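Chain residues, written in single-letter form:
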Amino acid sequence: MKKVKTRFAPSPTGYLHIGGVRTALFNYLYAKHCGGEFVLRIEDTDRERYTPEAIELIYRDLKWMGLAWDEIMESQFARRDRHMEVANELLVKGAAYKCFTTKEELAELREKATEEKRAFRFESKWRDVDPADYPIDQEYVVRLKTPLDGETIVNDDIRGTVSFPNKDIDDLILVRSDNTPVYQLSVVVDDHDMGITHVIRGEEHLNNAPKQVLIMKAMGWDEPTYGHIPLILAPAGQQGKLSKRHGATAVGDYINAGFLPEGLFNYLLRLGWGHGDDEIISREQAIEWFDLSGVVKAGARFDMQKAISVNGYYIREADTARVTELTIPFLEKKLDRILTDAEKELLSKAMPEVQERVKTLVEAADLASFYFISEMPELDEKTKKVLDKPIPVNDSEESKHPKEIFCDSFAKLEELDWTVDSLNDYFNALAEKHNVKLGKMLQPLRVAIAYSTITPPLYEAMVLLGKEECLKRMNNACD
RNA sequence: GUCCCCAUCGUCUAGCGGUUAGGACUCCGGAUUUUCAUUCCGGCAACAGGGGUUCGAAUCCCCUUGGGGAUGCCA
């Protein structure tokens, strides 16, 4: 039994798509599950769309997700000579031919077919021309001579055996007229040369598989096993596969949205793959459990709510020091300034209560921001209202305005020992004195101190904030 | 148009001939919590339709419908 070797082969155009990392993830998991190797190959044969920045993004995002590759081919384009060598061999064998039809002629034929609502199937008149009769000094492409009848079988571990009638497969181009190899050729040659045993990739490649099998056959090479995974579709109610217009598609978007790598890892794993009722699955567990038979055949819609929910689990579980570190840049962005060491210390003290209440790092920065903003920011209507909302008096129709309760009590607060216990005693007594429910009474105070109705436990926050700062904020609210 | 793939709650999924069709997200109740979040209980909600095969189909076969992909000198 050959050692399993999978590959992730992105093309460096733009950013790394979320569907791309999922493909990488499945390749990685399958390889690791089988004790094999996972290789990364940059498919940069299209020089017009290639950008070096895109390659850096691929490296960054894969590393961020913890998908370390065991081997890398940094440039497929660099191997073009070898690809051309194979093309020539095919030519010599008579399995391929030179086609002198121009792009313009081709476009015309295609257009005509569309107009007449016919299936476009190009039949080159050069297919059976003797090489001795080829014109000289004329541009040509190299095409594969696809069998006219019979069928080509693709063995797919996810879909089973898929067969394609050869009559529907056209004579695909192997080499462009500028003498550069095309992806279809390069993939096959590289997969073979690198010893790839399992080609796991998006379903959009399923139609390419028979063409690649045909090339393999023409070369007399062993075919790999395929695994075409379903596409990630647009969110519920929207059409097509997930794309930019449906929202976040780049891995970078999720990093910026405050996802933890393990959160995205887990969500993506479950999107198109299942293992019984298991939802929270660690990396180690995933490697142990992952197999191609668990891959769901139907396309899966991306659900941001669930992704965030899963991420929330990991935020709560994560080490506090780590979440603190990760939250700092988000907080600095929000505050638009660098945090001092003292502030970082404060953040880490606040974090245990913060991380329990948020689902992303962005939310963590939002929730913790009141520790660092002395002036009350613009509040939304609902929150603002709490500041003036009358507090009902127990067993009566009456109610008291928050100011009535708080604004004359500063003198006593100033003398108070500023601890959770004494604050607790103090406010309990205050609520009793005014005969109101503690929870109701504390709500406006919460907003005055933390500018939100959602905060860490109030007394704890007040202690961290310090007496002076709290009194200042209460004073401001009383004006 | 042609080819290929697919089809269980709104969404992600379990189920692989005999189940009260399970779990998760969302939503709605309730409990805990000084508030919020968490957590815990409970609820709403699905086998696309039609034919077969079978003692018995969500499960197997066929058709219809629906969805997705491909149809490039892109990958």
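These figures come from a predicted structure and were not determined experimentally.

Draft legend 1. Geometry of the overall build of chain A. Within chain A one finds 20 helices and 14 strands. For chain A, the C-alpha radius of gyration of 32 Å lies well beyond 23 Å, the compact-globule estimate for 479 residues. Based on the C-alpha atoms only, the size of chain A along its principal axes is roughly 105 × 50 × 40 Å. When the 479 residues of chain A are sorted by exposure, 47% land in the buried category. Across chain A, every contact between residues at least 6 apart in sequence was considered, and the portion connecting residues at least 24 apart equals 74%. Of the roughly 24000 Å² of accessible surface on chain A, 49% is carried by carbon and sulfur atoms.

Draft legend 2. Inspection of the layout of surface pockets at higher detail. When its volume is computed, the largest pocket comes out at roughly 1000 Å³. Lining the largest pocket are 40 residues, with Ala 9, Pro 10, Ser 11, Glu 204 and His 205 positioned closest to its centre. Those elements that provide at least two residues to the lining of the largest pocket are strand S1 (5-8), helix H1 (18-33), helix H2 (52-64), helix H5 (183-194) and strand S9 (198-202). With five residues, H1 is the largest single contributor of residues to the lining of the largest pocket. A breakdown of the residues in the lining of the largest pocket according to their chemical character gives 18 nonpolar, twelve polar and ten charged.

Draft legend 3. Inspection of the environment of Tyr 226 at higher detail. Among the structural elements, Tyr 226 can be located in strand S10 (residues 225-229). In this structure Tyr 226 touches Val 154, Asn 155, Asp 156, Asp 157, Ile 158, Val 199, Arg 201, Ala 209, Gln 212 and Val 213, once residues within four positions along its chain are discounted.

Draft legend 4. Representation of the protein's contact with RNA strand B within the structure. With respect to spatial proximity, 65 residues lie near RNA strand B, and among them Arg 159, Arg 176, Gly 272, Gly 439 and Leu 442 are the closest. Counting only atoms of RNA strand B within 4 Å of the protein, the fraction found in sugar and phosphate groups is 69%. Contacts to RNA strand B include Gly 240, whose backbone N or O atom sits 3.1 Å from a phosphate oxygen. Residue Lys 306 places a side-chain N or O atom 3.0 Å away from a base nitrogen belonging to RNA strand B.

Draft legend 5. How the structure looks around the packing of aromatic side chains. Counted according to the given criterion, the structure contains 16 aromatic pairs. Where Tyr 28 meets Phe 38, the ring centres are 5.8 Å apart and the plane angle is 90°; that geometry is what we call edge-to-face. On the criterion of sequence distance, the pair formed by Tyr 28 in helix H1 and Phe 38 in strand S2 (residues 37-41) is long-range, its members being ten residues apart. You'll find Tyr 28 and Phe 38 in the same group, each marked buried. Seen from their ring centres, Tyr 371 and Phe 372 are 6.4 Å apart, and the 70° between their planes marks the pair as edge-to-face. Cluster of aromatic residues (ring-pair linked, three or more members): Phe 100, Trp 126, Tyr 134 and Tyr 140. One Lys or Arg, Arg 47, reaches over the ring of Tyr 50 and ends 4.3 Å from the middle of that ring.

Draft legend 6. Highlighting the sheet that holds strand S5 (residues 141-144). Spatially, three strands are ordered S4-S5-S8 in an open sheet, and the strand pairing comes out antiparallel. A strand with exactly one partner marks an edge of an open sheet, and here the two such strands are strand S4 (96-99) and strand S8 (173-175). Each adjacent strand pair in this sheet contributes to an overall mean axis angle of 40°, direction not counted. Of the pairings in the sheet, the one linking S4 to S5 comprises four bridges and is antiparallel in character. Within S5, the position partnered with Tyr 97 by the bridge is Arg 143.

Draft legend 7. Up close: a negative patch on the surface. Taken together, the side chains of Glu 104, Glu 105, Glu 108, Glu 111 and Glu 115 make up a negatively charged region of the molecular surface. Of note, Glu 104 is situated in helix H4 (residues 103-115).

Draft legend 8. Seen up close, the packing of helix H8 (residues 261-270) against helix H10 (residues 304-317). Interaxial distance between H8 and H10 falls to 8 Å at its minimum, and their mutual angle equals 135°. In terms of orientation, H8 and H10 fall into the oblique class. Taken as a pair, H8 and H10 cross one another with a handedness that is right-handed. When H8 is examined against H10, the residues Glu 262, Gly 263, Leu 264, Asn 266 and Tyr 267 are found in contact with a partner set consisting of Lys 306, Ala 307, Val 310, Asn 311 and Tyr 314. For the contact of H8 with H10, a count of residues per class yields five nonpolar, three polar and two charged.

Draft legend 9. Region of the structure containing H8. For H8, the tally of buried residues reaches eight of ten residues, placing the bulk of the element in the interior. Positive backbone phi, at 105°, marks Gly 272, one or two positions downstream of H8.

Draft legend 10. View of the pairing of S10. Among the five residues of S10, four are classified as buried, and the element is accordingly described as predominantly covered. For the crossover that starts at S9, traverses helix H6 (residues 209-219) and ends in the parallel S10, the hand is right-handed.

Definitions and cut-offs
Residue indices follow the written sequence of each chain, beginning from 1 at its first position. Lettering for chains starts from A, numbering for ligands starts from 1, and both go in the order in which the items are written. Thresholds applied to this predicted model are a pLDDT of at least 70 for local features of residues and 80 or more for the giving and counting of side-chain atom pairs; totals over whole chains, interfaces and linings are not thresholded and use all residues. Based on all heavy atoms of the structure, the side-chain values leave hydrogens and waters out of the count. Put simply, DSSP H or I for four residues or longer makes a helix, DSSP E for two residues or longer makes a strand, and each gets a number counted from the N terminus. Each radius of gyration is computed over the set of C-alpha atoms, and the globule rule expresses the reference value as 2.2 Å times the number of residues to the power 0.38. Categorising residues by exposure relies on relative accessible area from a 1.4 Å probe, with only protein chains included: less than 20% of the type maximum marks a residue as buried, more than 50% marks it as exposed, and the intermediate range marks it as partly exposed. What makes two residues a contact is simply this: any of their non-hydrogen atoms within 4.5 Å. Note on areas: these come from Shrake-Rupley sampling with a 1.4 Å probe, and a residue is covered only by the protein chains present in the view. Each cavity reported here is a set of points on a 1 Å grid over the protein atoms alone in which a 1.4 Å probe fits but cannot get out, each pocket an open set with protein on both sides within 12 Å along at least five of seven lines, and each lining residue one with an atom within 4 Å of a point. Grid points are joined across faces, edges and corners, and a volume is the space filled by probe spheres set on the points. In the scheme used here, Gly and all other residues not listed as nonpolar or charged are polar, with Ala, Val, Leu, Ile, Met, Phe, Trp, Tyr, Cys and Pro taken as nonpolar and Asp, Glu, Lys and Arg as charged. Throughout this document, a residue counts as near a molecule or strand when at least one of its heavy atoms sits within 4 Å of that molecule or strand. Definition of a polar contact: a pair of N or O atoms within 3.5 Å, with one able to donate and the other able to accept a hydrogen when the atoms are protein atoms, and with sequence-neighbouring residues admitted only if both atoms are side-chain atoms. The rule is short: rings of Phe, Tyr and Trp, with Trp giving its six-membered ring, pair when the centres are within 6.5 Å, and they are stacked under 30 degrees, edge-to-face over 60, tilted in between. Only Lys NZ and Arg CZ are tested; either one counts as a charge over a ring when it is within 6 Å of the ring centre and within 35 degrees of the ring normal. We treat two strands as partners when DSSP finds at least two bridges between them. To obtain each axis, a line is fitted to C-alpha atoms, and for helices this fit is confined to the stretch in contact; angles are then taken between N-to-C directions over 0 to 180 degrees. Only residues above 30% relative accessible area that lack a salt bridge enter a patch, with like-charged residues linked at up to 9 Å and the nonpolar side chains Val, Leu, Ile, Met, Phe, Trp and Tyr linked at up to 5 Å. We define a salt bridge as a side-chain nitrogen of Lys or Arg found within 4 Å of a carboxyl oxygen belonging to Asp or Glu. All tallies of charge rest on Lys and Arg as positive and Asp and Glu as negative; His and the ends of each chain are not included. For charged residues, the charge sits on one atom: NZ in Lys, CZ in Arg, CG in Asp, CD in Glu. Roughly parallel refers to an angle under 35 degrees, roughly antiparallel to one over 145, roughly perpendicular to one between 65 and 115, and oblique to any angle outside these ranges. By convention, the crossing between two helices is left-handed when the near helix turns anticlockwise from the far helix through less than a right angle, and right-handed when the turn is clockwise. Here, the term right-handed applies to a crossover whose path from the first strand over the helix to the second runs clockwise when the strands point away from the viewer.

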